[in-house]
Amino acid sequence: MTQLTFPEGFLWGTATASYQIEGAANEDGRGPSIWDTFSATPGKTWRGQSGAVACDHYHRLDEDVALMASLGVDTYRFSIAWPRIQPDGSGPANPAGLDFYDRLVDKLVAAGIKPMPTLYHWDLPQSLEDRGGWPARETAERFGEYAAIVGARLSDRVHTWWTLNEPWCAAYLGYGNGHHAPGRTEPAAALAAVHHLNLGHGLAVQALRAAGADQVSIVLNPTHCRGDEEAVRIVDGIANRVFFDPILRGEYPADVIERTRRHTDWSFVQDGDLAQINQPIDLLGVNYYSPSWFRMNPEEPESPVGPGTVGVEGWTPEGLEFTDMGWAIDATGLTDLLVRIHKDYGVATMVTENGAAYPTGPGADGEIDDVERVAYLRSHIAAVHDAIEAGADVRGYTAWSLMDNFEWAFGYDKRFGIVHVDYATQQRTPKASAKYYSKVIGANGLDR
Ligand code: FCB
């Protein structure tokens, strides 16, 4: 066995998102979000489940912060619910909404845990969707104003901010294949959403900096593509470079614009937008679960999730193991992805999500022995170490997720937590993976 030790100051954390854990959907002036509407629409989520109660985190702040402190985490990545701050997505702040996150931040700081909020983890105020949603430019502008409000209140205690979580999902699952809220299936709108999410990010970075923020960034979920060179280049463009290039280089990739012409002429990109988007960021948040494989197949129609993917087919090689999501397990994809981002874009990174769904519940002795998740975490944390050895500047790792929660369209059917949640009693029980992770944190490393 080899002992792998991480650089000094490497941050270990856990991650969650507002709609997945908070509950209290109608309390203290919170307005409806697109996820409330989508979950209430028959057939959209597993058994019609919603985040209305979720893990009831809104009322269990103290317990949840104490739980993280007991694991020894350095940092907590959570998200702020825009509809708690501006119930209809514009105008003055709802004081009760701001107070909730103020309390959370205070408690984290008091527990020695660095707060790392994400401003947008998919719970768009429904009123903004009613006015067009992310395909409309107005949403980006409102997002910048919202960032200014939150930044002004929390920047004295928050040092690392994430603007958006996974704009790929917000654009392509929300407006492309409709698997996520708001459930629209319009390729042109999905591409307009890509641009307005990028623009919203740029406006939010500027608003946060003006409010005194230190480190500002965005969380992406780059598709780690394997397979034929041509197919990989196409998907990498539509899924990854369409975010990387405007954010980090101030341009849209020409091949993506070309391949998506049948849907749009990209006239939603106005003069000056790319300069607004291309703001310096301090590090890039990378979410990784699994690689994907692609090959050319002339018969293949366009995937609604990837406008411009005519002729590209996804496939999965033999001999792999899968998590409960059906996602292939391959930790080398995480190393390769981090090294690729370092080489192509030269930006520091943090793994802002990584983890696995398994259904393991309590055994007869009450213990939750989620051996598969322990193995997954071990191999993927080691893969991060490999990336650092290969030269990538990786600053931290936050496990998805602190606790089992509302897994979007999959409802409560999929459990990603290192802490088990009994939804009938809201009891939290650390699984074997939480104990394992806590040891890794304590040692700032692991045995391989
Ligand atoms: C990511 C999301 C996160 C969670 C994990 C499993 O795409 O950011 O909220 O659902 O997947």
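These remarks concern the structure in this document.

What counts as what
- Residues numbered from 1 in each chain as written.
- Predicted model: local features only at pLDDT ≥ 70, side-chain atom pairs only at ≥ 80, totals over all residues.
- Heavy atoms only, no water.
- Near = heavy atom within 4 Å.
- Polar contact = N/O pair within 3.5 Å; in protein donor to acceptor, adjacent residues only side chain to side chain.
- Areas by Shrake-Rupley, 256 points an atom, 1.4 Å probe, with all protein chains shown as cover.
- Pairing = 2+ DSSP bridges.
- Helix = DSSP H or I, 4+ residues; strand = E, 2+ residues; numbered from the N terminus.
- Axes fitted to C-alpha atoms, helices over the stretch in contact; angles between N-to-C directions.
- Contact = heavy atoms within 4.5 Å.
- Parallel < 35°, antiparallel > 145°, perpendicular 65-115°, else oblique.
- Left-handed = near helix turned anticlockwise from the far one by under 90°.

Now for the site of the ligand. Every residue close to the ligand is listed here: Q20, H121, W122, N165, E166, Y289, E353, W400, E407, W408 and F416. Here an oxygen atom of the ligand sits 2.7 Å away from a polar atom, N or O, in the side chain of Q20. E353 is positioned with one of its side-chain polar atoms (N or O) 2.9 Å from an oxygen atom of the ligand. Protein chains shield 95% of the accessible area of the ligand, which is 300 Å² for the free molecule.

As a further point, take the sheet that holds strand β12 (residues 394–400). Strands sit in the order β2-β3-β4-β5-β6-β8-β11-β12 around a closed barrel of 8 strands; the barrel is parallel. Each adjacent strand pair in this sheet contributes to an overall mean axis angle of 25 degrees, direction not counted. In terms of strand pairing, strand β6 (residues 215–220) meets strand β8 (residues 284–287) through 2 bridges, oriented parallel. In the strand pairing of β8, L220 is matched with V286. Along the sheet, helix α14 (residues 371–389) contacts β2 (11–15), β11 (349–353) and β12; its crossing angle with β12, the most-contacted strand, is approximately 165 degrees.

To continue, consider the packing of helix α7 (residues 137–154) against helix α9 (residues 187–210). Taken N-terminus to C-terminus, the directions of α7 and α9 make an angle of 25 degrees; their axes are 8 Å apart at the nearest point. As summarised for this structure, α7 and α9 are arranged roughly parallel, according to the angle between their axes. The two elements α7 and α9 meet at a crossing, and its hand is right-handed. Contacts between α7 and α9 involve R137, A140, E141, F143, G144, A147, A148 and G151 from the former and H196, L199, G200, H201, L203, A204, A207 and L208 from the latter.

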